[in-house]
Amino acid sequence: MMGFYNVLLFILHVLLYLRRVICNYLLYISRPIGLSFRKCTATQLRDDARSLKKLPIHLGILVTEDHISFSDIANIIVWSIAMDISCVSVYDIHGVCKGNKTILQHEIYKKQKEVEGSKYTNSQFIIANCDEEDVQNGYFKPGKSHIKLFSLEDGRKSIADLTRQLSRSVMKKEMKIEDITPTKVDCILQENLGCPDPNLVLKFGTTDSLLGYIPWQIRLGEILSYPSHHKIDYKTFFRLLDSYGNTNQRFGK
(Lines give C-alpha, C1' and ligand atoms only; values in the text may rest on other atoms or scores of the structure.)
Protein backbone atom coordinates (compact mmCIF):
# COMPACT_ATOMS: atom_id res chain seq x y z
CA MET A 1 0.00 0.00 0.00
CA MET A 2 2.87 2.40 0.81
CA GLY A 3 4.33 1.73 -2.61
CA PHE A 4 1.05 2.76 -4.21
CA TYR A 5 0.98 6.07 -2.31
CA ASN A 6 4.61 6.75 -3.18
CA VAL A 7 3.85 6.27 -6.88
CA LEU A 8 0.75 8.48 -6.55
CA LEU A 9 2.81 11.21 -4.86
CA PHE A 10 5.47 10.98 -7.57
CA ILE A 11 2.82 11.33 -10.30
CA LEU A 12 1.35 14.35 -8.49
CA HIS A 13 4.77 16.03 -8.34
CA VAL A 14 5.33 15.36 -12.04
CA LEU A 15 1.94 16.87 -12.90
CA LEU A 16 2.67 19.97 -10.83
CA TYR A 17 6.04 20.35 -12.52
CA LEU A 18 4.47 19.97 -15.98
CA ARG A 19 1.81 22.51 -15.06
CA ARG A 20 4.49 25.01 -14.06
CA VAL A 21 6.45 24.41 -17.29
CA ILE A 22 3.33 24.81 -19.46
CA CYS A 23 2.24 27.99 -17.65
CA ASN A 24 5.69 29.53 -18.04
CA TYR A 25 5.79 28.59 -21.73
CA LEU A 26 2.37 30.11 -22.35
CA LEU A 27 3.50 33.24 -20.53
CA TYR A 28 6.58 33.38 -22.73
CA ILE A 29 4.85 32.96 -26.09
CA SER A 30 2.11 35.43 -25.16
CA ARG A 31 4.51 38.32 -24.58
CA PRO A 32 3.58 41.46 -26.52
CA ILE A 33 5.86 41.49 -29.59
CA GLY A 34 6.02 45.24 -29.68
CA LEU A 35 7.79 45.34 -26.32
CA SER A 36 10.65 43.11 -27.46
CA PHE A 37 12.58 45.78 -29.31
CA ARG A 38 11.98 48.80 -27.13
CA LYS A 39 14.15 50.52 -24.62
CA CYS A 40 12.29 51.24 -21.38
CA THR A 41 11.73 54.95 -20.84
CA ALA A 42 9.53 56.63 -18.27
CA THR A 43 7.13 57.88 -20.97
CA GLN A 44 6.78 54.44 -22.54
CA LEU A 45 6.25 52.80 -19.16
CA ARG A 46 3.45 55.23 -18.32
CA ASP A 47 1.86 54.65 -21.72
CA ASP A 48 2.00 50.90 -21.11
CA ALA A 49 0.45 51.40 -17.68
CA ARG A 50 -2.50 53.22 -19.22
CA SER A 51 -3.03 50.32 -21.62
CA LEU A 52 -3.60 47.87 -18.75
CA LYS A 53 -7.09 47.20 -17.42
CA LYS A 54 -5.95 47.77 -13.85
CA LEU A 55 -2.81 48.27 -11.80
CA PRO A 56 -2.12 47.21 -8.22
CA ILE A 57 -1.88 49.93 -5.63
CA HIS A 58 0.51 47.74 -3.66
CA LEU A 59 2.75 45.28 -5.51
CA GLY A 60 4.35 42.59 -3.36
CA ILE A 61 7.56 40.87 -4.46
CA LEU A 62 8.10 37.48 -2.81
CA VAL A 63 11.53 35.94 -3.44
CA THR A 64 11.88 32.25 -2.56
CA GLU A 65 15.26 31.82 -4.26
CA ASP A 66 18.48 31.45 -2.27
CA HIS A 67 20.43 34.08 -4.19
CA ILE A 68 18.94 37.55 -4.58
CA SER A 69 19.88 39.84 -7.45
CA PHE A 70 19.58 43.43 -6.20
CA SER A 71 19.93 44.67 -9.77
CA ASP A 72 16.93 42.68 -10.99
CA ILE A 73 14.82 43.55 -7.94
CA ALA A 74 15.69 47.20 -8.56
CA ASN A 75 14.47 46.88 -12.16
CA ILE A 76 11.07 45.64 -11.00
CA ILE A 77 10.82 48.45 -8.45
CA VAL A 78 11.80 51.16 -10.96
CA TRP A 79 9.33 49.88 -13.57
CA SER A 80 6.64 49.93 -10.87
CA ILE A 81 7.49 53.48 -9.79
CA ALA A 82 7.37 54.70 -13.40
CA MET A 83 3.94 53.09 -13.77
CA ASP A 84 2.71 55.02 -10.69
CA ILE A 85 2.29 52.00 -8.43
CA SER A 86 2.13 53.62 -4.99
CA CYS A 87 3.69 50.89 -2.86
CA VAL A 88 6.14 48.06 -3.56
CA SER A 89 7.16 45.59 -0.86
CA VAL A 90 9.95 43.03 -1.06
CA TYR A 91 9.89 39.89 1.10
CA ASP A 92 12.59 37.29 1.54
CA ILE A 93 12.59 34.85 4.44
CA HIS A 94 16.08 35.69 5.73
CA GLY A 95 15.83 39.47 5.35
CA VAL A 96 18.66 39.75 2.83
CA CYS A 97 17.10 42.85 1.24
CA LYS A 98 16.50 44.42 4.65
CA GLY A 99 20.11 43.82 5.65
CA ASN A 100 21.38 45.31 2.41
CA LYS A 101 18.98 48.21 2.06
CA THR A 102 21.75 50.63 1.07
CA ILE A 103 22.91 48.37 -1.77
CA LEU A 104 19.35 47.96 -3.06
CA GLN A 105 18.76 51.70 -2.79
CA HIS A 106 21.90 52.38 -4.85
CA GLU A 107 20.73 49.94 -7.53
CA ILE A 108 17.32 51.63 -7.64
CA TYR A 109 18.94 55.03 -8.13
CA LYS A 110 21.10 53.64 -10.95
CA LYS A 111 18.20 51.93 -12.74
CA GLN A 112 15.95 54.95 -12.25
CA LYS A 113 18.52 57.19 -13.90
CA GLU A 114 18.59 54.88 -16.92
CA VAL A 115 14.79 55.04 -17.25
CA GLU A 116 14.24 58.71 -16.44
CA GLY A 117 17.23 60.06 -18.39
CA SER A 118 17.54 63.84 -18.16
CA LYS A 119 14.40 64.01 -15.99
CA TYR A 120 16.01 61.84 -13.31
CA THR A 121 15.38 62.77 -9.68
CA ASN A 122 16.25 60.68 -6.63
CA SER A 123 13.29 61.96 -4.60
CA GLN A 124 10.56 59.86 -6.20
CA PHE A 125 10.58 57.08 -3.62
CA ILE A 126 11.06 56.30 0.05
CA ILE A 127 12.61 52.97 1.05
CA ALA A 128 12.27 51.61 4.58
CA ASN A 129 12.41 48.38 6.53
CA CYS A 130 9.17 47.15 8.11
CA ASP A 131 10.08 48.60 11.51
CA GLU A 132 11.09 52.02 10.15
CA GLU A 133 8.75 54.97 9.84
CA ASP A 134 8.04 56.13 6.29
CA VAL A 135 4.55 57.59 6.59
CA GLN A 136 3.07 60.80 7.99
CA ASN A 137 0.09 60.40 10.34
CA GLY A 138 -0.62 56.95 8.90
CA TYR A 139 -0.72 58.13 5.29
CA PHE A 140 1.68 57.88 2.37
CA LYS A 141 3.64 61.01 1.59
CA PRO A 142 2.12 62.56 -1.54
CA GLY A 143 4.04 62.18 -4.80
CA LYS A 144 6.19 59.37 -3.43
CA SER A 145 6.35 55.65 -4.08
CA HIS A 146 6.92 53.68 -0.90
CA ILE A 147 9.19 50.65 -0.82
CA LYS A 148 8.88 48.35 2.19
CA LEU A 149 11.29 45.52 3.03
CA PHE A 150 10.02 42.50 4.97
CA SER A 151 11.35 39.23 6.36
CA LEU A 152 9.98 36.28 8.33
CA GLU A 153 10.67 38.02 11.64
CA ASP A 154 8.42 40.93 10.73
CA GLY A 155 5.34 38.69 10.73
CA ARG A 156 6.20 37.26 14.13
CA LYS A 157 7.09 40.67 15.56
CA SER A 158 3.87 42.23 14.24
CA ILE A 159 1.77 39.56 15.95
CA ALA A 160 3.67 39.94 19.24
CA ASP A 161 3.46 43.75 19.15
CA LEU A 162 -0.24 43.66 18.34
CA THR A 163 -0.95 41.23 21.18
CA ARG A 164 0.83 43.50 23.67
CA GLN A 165 -0.90 46.58 22.29
CA LEU A 166 -4.39 45.07 22.60
CA SER A 167 -3.64 43.63 26.05
CA ARG A 168 -2.55 47.03 27.37
CA SER A 169 -5.63 48.69 25.89
CA VAL A 170 -7.93 46.17 27.61
CA MET A 171 -6.06 46.46 30.94
CA LYS A 172 -6.30 50.26 30.83
CA LYS A 173 -10.00 49.93 29.98
CA GLU A 174 -9.42 51.83 26.75
CA MET A 175 -11.29 49.07 24.95
CA LYS A 176 -13.28 45.95 25.74
CA ILE A 177 -12.47 42.40 24.69
CA GLU A 178 -15.64 42.48 22.60
CA ASP A 179 -14.13 45.37 20.62
CA ILE A 180 -11.33 43.14 19.31
CA THR A 181 -12.80 42.14 15.96
CA PRO A 182 -11.12 40.97 12.74
CA THR A 183 -11.78 44.39 11.22
CA LYS A 184 -10.16 46.14 14.17
CA VAL A 185 -7.14 43.84 14.08
CA ASP A 186 -6.78 44.39 10.34
CA CYS A 187 -6.82 48.18 10.72
CA ILE A 188 -4.15 48.10 13.43
CA LEU A 189 -1.92 45.74 11.44
CA GLN A 190 -2.11 47.93 8.35
CA GLU A 191 -1.35 51.00 10.42
CA ASN A 192 1.63 49.32 12.09
CA LEU A 193 3.03 47.98 8.84
CA GLY A 194 2.59 51.31 7.09
CA CYS A 195 1.04 50.00 3.86
CA PRO A 196 -2.21 48.47 2.61
CA ASP A 197 -2.55 44.78 1.72
CA PRO A 198 -0.97 43.97 -1.67
CA ASN A 199 -3.35 43.63 -4.59
CA LEU A 200 -0.78 41.55 -6.46
CA VAL A 201 2.08 39.37 -5.22
CA LEU A 202 4.75 38.22 -7.68
CA LYS A 203 6.35 35.04 -6.33
CA PHE A 204 9.76 34.24 -7.78
CA GLY A 205 11.28 30.78 -7.43
CA THR A 206 10.24 27.17 -7.91
CA THR A 207 9.53 26.49 -4.24
CA ASP A 208 5.84 25.65 -3.76
CA SER A 209 5.65 27.64 -0.53
CA LEU A 210 5.19 31.24 0.55
CA LEU A 211 7.98 30.79 3.15
CA GLY A 212 6.21 32.61 5.95
CA TYR A 213 5.02 35.57 3.89
CA ILE A 214 2.95 37.76 6.19
CA PRO A 215 -0.41 35.89 6.07
CA TRP A 216 -2.82 38.80 6.47
CA GLN A 217 -1.06 40.54 3.57
CA ILE A 218 -2.27 37.93 1.06
CA ARG A 219 -5.92 37.47 2.04
CA LEU A 220 -7.27 39.44 -0.90
CA GLY A 221 -4.21 39.58 -3.14
CA GLU A 222 -3.65 37.77 -6.41
CA ILE A 223 -0.49 35.60 -6.47
CA LEU A 224 1.34 35.05 -9.77
CA SER A 225 4.42 32.83 -9.94
CA TYR A 226 7.48 32.99 -12.16
CA PRO A 227 10.53 30.68 -12.02
CA SER A 228 13.12 33.34 -11.22
CA HIS A 229 13.63 37.07 -10.81
CA HIS A 230 17.15 36.75 -12.21
CA LYS A 231 17.48 38.51 -15.57
CA ILE A 232 13.75 39.19 -15.66
CA ASP A 233 12.99 41.51 -18.57
CA TYR A 234 10.37 44.16 -18.96
CA LYS A 235 8.32 42.01 -21.37
CA THR A 236 7.82 39.40 -18.65
CA PHE A 237 6.99 42.01 -16.01
CA PHE A 238 4.43 43.64 -18.30
CA ARG A 239 2.81 40.30 -19.11
CA LEU A 240 2.47 39.50 -15.41
CA LEU A 241 0.74 42.84 -14.85
CA ASP A 242 -1.45 42.19 -17.88
CA SER A 243 -2.41 38.77 -16.45
CA TYR A 244 -3.37 40.47 -13.19
CA GLY A 245 -5.44 43.03 -15.09
CA ASN A 246 -7.41 40.24 -16.75
CA THR A 247 -8.08 38.43 -13.48
CA ASN A 248 -11.58 38.55 -12.03
CA GLN A 249 -10.99 38.69 -8.28
CA ARG A 250 -13.92 37.37 -6.28
CA PHE A 251 -12.46 38.08 -2.83
CA GLY A 252 -13.56 34.74 -1.40
CA LYS A 253 -17.07 34.83 -2.91
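For the structure itself, look to the data block above.
Residues numbered from 1 in each chain as written. Predicted model: local features only at pLDDT ≥ 70, side-chain atom pairs only at ≥ 80, totals over all residues. Heavy atoms only, no water.

(A) Spatial organisation of the sheet that holds strand β5 (residues 200–204). Taken in spatial order, the six strands of this open sheet run β3-β4-β2-β1-β5-β6, and their pairing is parallel. The sheet is open, and its two borders are formed by β3 (125–129) and β6 (222–226), each paired with just one other strand. Across the sheet, the mean angle separating the axes of adjacent strands is 20° when strand polarity is ignored. In the sheet, strand β1 (residues 58–63) pairs with strand β2 (residues 87–92) via six bridges, with the strands oriented parallel. Bridging from a neighbouring strand, Leu59 pairs with Val88 of β2. Running at roughly 170° to β1, helix α3 (residues 70–82) makes contact with β1, β2, β3, β4 (145–150) and β5 of the sheet. With respect to the sheet, helix α5 (residues 101–116) is in contact with β3 and β4, its orientation differing from that of β3 by roughly 160°. (Pairing = 2+ DSSP bridges. Helix = DSSP H or I, 4+ residues; strand = E, 2+ residues; numbered from the N terminus. Axes fitted to C-alpha atoms, helices over the stretch in contact; angles between N-to-C directions. Contact = heavy atoms within 4.5 Å.)

(B) Inspection of the environment of Pro227 at higher detail. Structurally, Pro227 can be placed in the loop between β6 and α8 (234–245). Residue Pro227 is classed as partly exposed on the basis of its relative accessible area of 27%. In the structure, Pro227 is positioned 22 residues away from Gly205 in sequence and 4.6 Å away in space, judged by C-alpha atoms. (Buried < 20%, exposed > 50% of the residue type's maximum accessible area, 1.4 Å probe, protein only.)

(C) Spatial organisation of the side chain of Lys98. One can find Lys98 in helix α4 (residues 96–99). For Lys98, a relative accessible area of 18% translates into the label buried. Leave out the neighbours within four places in its chain, and Lys98 touches Asn129, Leu149, Phe150, Ser151 and Asp154.

(D) The arrangement of the nonpolar core in detail. Core analysis: the largest hydrophobic core is formed by 41 residues, its most contacted members being Ile61, Ile77, Met83, Leu104, Ile108 and Phe237. With nine residues, α3 is the single largest residue contributor to this core. In this structure, Phe237 is in contact with Leu59, Ile76, Trp79, Ser80, Met83 and Leu202, ignoring residues within four places of it in sequence. If you look at the next biggest cluster of nonpolar residues, it comprises eight residues, including Cys87, Cys195, Val201 and Ile214. (Core = buried A, V, L, I, M, F, W, Y, C linked by side-chain atoms within 4.5 Å.)

(E) The environment of Leu240, seen in detail. Here Leu240 lies in helix α8. Classification of Leu240 by relative accessible area gives buried; the value is 4%. With 16 residues separating them along the chain, Leu240 and Leu224 place their C-alpha atoms 7.3 Å apart.

(F) How the structure looks around α8. Over its 12 residues, α8 extends 16 Å from the first C-alpha to the last, a length consistent with the 16 Å expected when each residue adds 1.5 Å. Taken across its 12 residues, α8 has 11 buried, putting it largely inside the fold. (Expected span 1.5 Å × (residues − 1).)

(G) Region of the structure containing the packing of α3 against α5. Packing of α3 against α5 brings their axes to within 8 Å, and their N-to-C directions diverge by 55°. Relative to α5, α3 is oriented oblique. Remark: the crossing between α3 and α5 carries right-handed chirality. Between α3, through Phe70, Ser71, Ile73, Ala74, Asn75, Ile77, Val78 and Ile81, and α5, the contact on the second element is made entirely by Ile103, Leu104, Glu107, Ile108, Lys111, Gln112 and Val115. In the contact of α3 with α5, the residues fall into 10 nonpolar, three polar and two charged. (Parallel < 35°, antiparallel > 145°, perpendicular 65-115°, else oblique. Left-handed = near helix turned anticlockwise from the far one by under 90°. Nonpolar A, V, L, I, M, F, W, Y, C, P; charged D, E, K, R; others polar.)

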